[in-house]
Amino acid sequence: MAKSRHDKRRERDAKQDKAATVVPAAVNVTQSVTPQVPGSEICSQFALIIEILDAWHPGSGRGRGLQFDATALRDEDGFPYLTGRHLRGLIRDAMVCLAAWKHLQGDATELRLFGPRRGQTGQPQHGRRLDLWRAELPQEDRAALGLAGAAASLFQGRHLIAMDGERQVTQPRTLRSVEIVVPLTLVAPLTLRSSSPGQQASDIKALRQAVALVHAVGRPVSYTHLDVYKRQAAHV
């Protein structure tokens, strides 16, 4: 007997309800979750804290008429930020240095966390195990500056010129006007997927060693301190 349209719709709704019961309800997981099924992964969230101690320039690749030859990156609310791709590159290069200095066993940790480099053969079984999003001002700082309409106060102008190192004179036609950002602290969400608690502890140790080597972000060189912290669980 053929099923009616009503029966088909009811079966479809039942399947959707059943599927919804196995989808995690929380999007922003803030604590380590121990897998219950053998062979599954541990997915934990951390925060990469970036304390910028000097004026810096997160380049946007654009100018602004006669005012600036190079402007700083701004998000949709007018606040400065660093892209996750830029941060991943800095940390990955630092991890390559650690492996070259024999602080890590070859490039296994780098490939596991960041995946294969472009054009690299011998790809790992899985893609990268580390996801790092853009670094922004903490929410409380954004809220306070937004209410005061003070986002623009985070930006300043600076004139730069190239020097001739041998003659100790300025080079002609090198004067540039650059938009810089005042010293501040940014936070970037970091998600790490590990096969076991031991693997997770090893990866976090390697990450902390790598970020300790990153002393500058943006241009001109700005002194910076980075660290990785476990995000606290949210209370419901």
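These figures come from a predicted structure and were not determined experimentally.

**Some thoughts on the overall build of the chain**
Right, on to step 1. Helices and strands together make up the secondary structure of the chain, namely five helices and eight strands.
Right, on to step 2. Written out in order from the N terminus, the α and β elements of the chain read α-β-α-α-β-α-β-β-β-β-β-α-β.
Right, on to step 3. Split into buried and exposed, the 236 residues of the chain put 35% on the buried side.
Right, on to step 4. Taking contacts inside the chain between residues at least 6 apart in sequence as the whole, the part at least 24 apart equals 68%.
Right, on to step 5. Surface exposure of the chain reaches about 15400 Å², of which carbon and sulfur atoms provide 53%.

**Quick word on the layout of surface pockets**
Right, on to step 1. A volume near 270 Å³ is recorded for the largest pocket.
Right, on to step 2. Taken together, R85, R88, G89, R92, F114, P116, R117, R118 and R128 form the lining of the largest pocket.
Right, on to step 3. The element that contributes the greatest number of residues to the lining of the largest pocket is helix α2 (residues 84–100), accounting for four residues.
Right, on to step 4. Broken down by class, the residue content of the lining of the largest pocket amounts to two nonpolar, one polar and six charged.

**Considerations on the packing of α2 against helix α5 (residues 197–211)**
Right, on to step 1. The contact between α2 and α5 brings their axes to 8 Å, and the two run at 100°. Classified by the interaxial angle, the pair formed by α2 and α5 is roughly perpendicular. On the side of α2, the interface is formed by I91, A94, M95 and L98, while α5 contributes A206, L207, Q209, A210 and V211.
Right, on to step 2. Considered class by class, the residues forming the contact of α2 with α5 number eight nonpolar, one polar and no charged.

**A few points about the pairing of strand β7 (residues 185–194)**
Right, on to step 1. Two elements, strand β1 (residues 42–52) and β7, share ten bridges in a ladder whose sense is antiparallel. If you follow E51 over to β7, its bridge partner there is T185.
Right, on to step 2. In this structure, strand β2 (residues 130–132) lies alongside β7, joined through three bridges in antiparallel fashion. Its bridge partner lying in β7, D131 is registered against T191.

Here is what the cut-offs are and how they apply
Residues numbered from 1 in each chain as written. Predicted model: local features only at pLDDT ≥ 70, side-chain atom pairs only at ≥ 80, totals over all residues. Heavy atoms only, no water. Helix = DSSP H or I, 4+ residues; strand = E, 2+ residues; numbered from the N terminus. Buried < 20%, exposed > 50% of the residue type's maximum accessible area, 1.4 Å probe, protein only. Contact = heavy atoms within 4.5 Å. Areas by Shrake-Rupley, 256 points an atom, 1.4 Å probe, with all protein chains shown as cover. 1 Å grid on protein atoms, 1.4 Å probe; cavity = no way out; pocket = protein on both sides within 12 Å on 5 of 7 lines; lining within 4 Å. Points joined across faces, edges and corners; volume = space filled by probe spheres on them. Nonpolar A, V, L, I, M, F, W, Y, C, P; charged D, E, K, R; others polar. Axes fitted to C-alpha atoms, helices over the stretch in contact; angles between N-to-C directions. Parallel < 35°, antiparallel > 145°, perpendicular 65-115°, else oblique. Pairing = 2+ DSSP bridges.

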